[in-house]
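Residue-level structure breakdown
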Amino acid sequence: MAHDGRPGVSLVGICGLLLASGWLLPEPAAAGRHTAAECRAACESRNIPASCEWLTRVPQRCIRDAERACQRNPVPGAAQCLPPKDLPACGSNNSCPYGSLCVDATCQVVGCGSHDGVADCTGNNACKHDKCVVADCSGATANCPKGFHCAVENSEFGDVSGTCVADEPDASYCMADTDCIAPGGFNPKCLQGVCTRQGRPLGRCQTSADCPRWCRRGLHTMRPFGCDVAGMCVCPDCIDGAECAGLLACRSGLVATCLARPSGTCVCRKALRSTTTTTTITSTTETTATVPPSTTSTTLNTVCCCNFEVGDSQWHCIHSPMPSPWLCAIPWPACCSEAYTVCQ
């Protein structure tokens, strides 16, 4: 009771009411939720990162999906990392690439470690590098990886053991990039158990024929190219139009021209044509009359111009005051007003 005679509310009663309604109880933790660290460890224990690296095009997405699915898994107990959907499904080992096995209807890379003192790679399997592969196919091709068949040596004696042999003898199968090293090979790469050849990154080359694409600057623009001793494509500045004529196949009406520095590139430009000048003369007498126009044309046989000679693959200056033929080069002869004034 309150001191003023009015009924009071007991503090104990209020607390009891709140406890009964659940207001003062702590929020229960979500059942079956696991931390990112727990799921990462669970996926690594199951060798999921290695499976994603070996069998998928986007390994990081594959690993991320597996870890997130583990964190969302409502099943109580230890964290479980299940194979993500990026890993291919299978019915037998013959559905899986070399270097992987069919485990729980999913192609997975089985490691060469152990769990609780028991080796992961046992039975008819054996380790090669860091991956478990079939050692004895027991006479069944279904036990061999994709692209292999089971060869039995002593079948007439009832021996069911056998060895997985490639369907195509010339195919190169691998477990690591080092398995693909061979004379004449460039930048070998092991992809899903098969040796492949990577493209040359950052302008790498073996011969100068590998470099035109690297030194091209546009549809009708090119720089001279070459492969240096370090196996890298070099694209130096062009020197003259003769050099460019061997690099660019210009369409009709265009001529290969070397642009001066700082460009240093070969381009296809329109050929310069000779011009005809028309002069109109007007004479004045007691009556004004207009004299018909007279036309003066510059004849081609006196125009100084440049002509490309196929014999020596050089540009020659024709009708110049210097000894003829004169090689068209920088500095241009006095008669050539513009670079490569092509003869008509």
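Preceding block: the structure.
Definitions and limits used
Residues numbered from 1 in each chain as written. Predicted model: local features only at pLDDT ≥ 70, side-chain atom pairs only at ≥ 80, totals over all residues. Heavy atoms only, no water. Helix = DSSP H or I, 4+ residues; strand = E, 2+ residues; numbered from the N terminus. Buried < 20%, exposed > 50% of the residue type's maximum accessible area, 1.4 Å probe, protein only. Contact = heavy atoms within 4.5 Å. Areas by Shrake-Rupley, 256 points an atom, 1.4 Å probe, with all protein chains shown as cover. Core = buried A, V, L, I, M, F, W, Y, C linked by side-chain atoms within 4.5 Å. Axes fitted to C-alpha atoms, helices over the stretch in contact; angles between N-to-C directions. Parallel < 35°, antiparallel > 145°, perpendicular 65-115°, else oblique. Left-handed = near helix turned anticlockwise from the far one by under 90°. Nonpolar A, V, L, I, M, F, W, Y, C, P; charged D, E, K, R; others polar. Disulfide = S-S within 2.5 Å.

A word on the overall build of the protein. Along the backbone of the protein there are 6 helices and 23 strands. For the protein, the proportion of its 344 residues judged to be buried stands at 27%. Long-range contacts, defined as pairs at least 24 residues apart, comprise 39% of the intrachain contacts of the protein with a sequence gap of at least 6. About 22000 Å² of surface is accessible on the protein, with carbon and sulfur atoms providing 56% of the total.

This part is about unusual backbone geometry. At A105, a position not held by glycine, the phi torsion is positive, near 60°. Of note in the backbone geometry, D116 takes a positive phi value of approximately 55° without being a glycine. Secondary-structure assignment places D116 in the loop between β3 (114–115) and β4 (118–119).

Right, let's talk about helix α3 (residues 48–55) for a bit. For α3, the complete set of buried residues consists of I48, S51, C52, W54 and L55. Looking at the buried side of α3, the elements it contacts are α2 (36–45), α4 (59–72), β2 (106–108), β6 (131–134) and β9 (188–191).

With 18 residues, the main nonpolar core has I48 and C81 as its most contacted residues. Mapped onto this core, the elements with two or more residues apiece are α2, α3 and α4. A total of 4 residues in this core trace back to one element, the largest contributor, which is α3. The residues touching I48, leaving out its near neighbours within four places in the chain, are C43, A66, C81, P83, P84 and Q108. Core analysis: the next-biggest nonpolar cluster, separate from the first, contains 14 residues, C121, C164, A166 and M175 among them.

Here we come to the packing of α2 against α4. Packed helices, taken two at a time, are described by the angle their axes make and the gap between the axes. Closest axis-to-axis distance for the α2/α4 pair is 9 Å, and the angle between their directions is 125°. In terms of axis orientation, α2 runs oblique to α4. Like other packed secondary-structure pairs, α2 and α4 cross with a definite hand, here right-handed. Residues A36, C39, R40 and C43 of α2 lie in contact with α4, whose contacting residues are A66, E67, C70 and Q71. Taken together, the residues of the contact of α2 with α4 sort by class into 5 nonpolar, 1 polar and 2 charged.

All told, the structure shown has 16 disulfides when counted by the stated rule. Across the disulfide, C121 is cross-linked to C132 (sulfur-sulfur distance 2.0 Å). Given an S-S torsion of about 75°, the disulfide between C121 and C132 has right-handed geometry. Taken as a pair, C121 in the loop between β4 and β5 (125–128) and C132 in strand β6 lie far apart in primary sequence, 11 residues in all. Assigned by exposure class, C121 and C132 land together as buried. Covalent S-S linkage joins C244 and C266, the inter-sulfur distance amounting to 2.0 Å. Handedness here is read from the sign of the S-S torsion; for C244 and C266, about -70°, the answer is left-handed. Taken together, the residues span a long stretch of sequence, with C244 in helix α6 (residues 241–245) and C266 in strand β16 (residues 266–270) at a distance of 22 residues. On the basis of relative accessible area, C266 is assigned to the buried category, the value being 0%.

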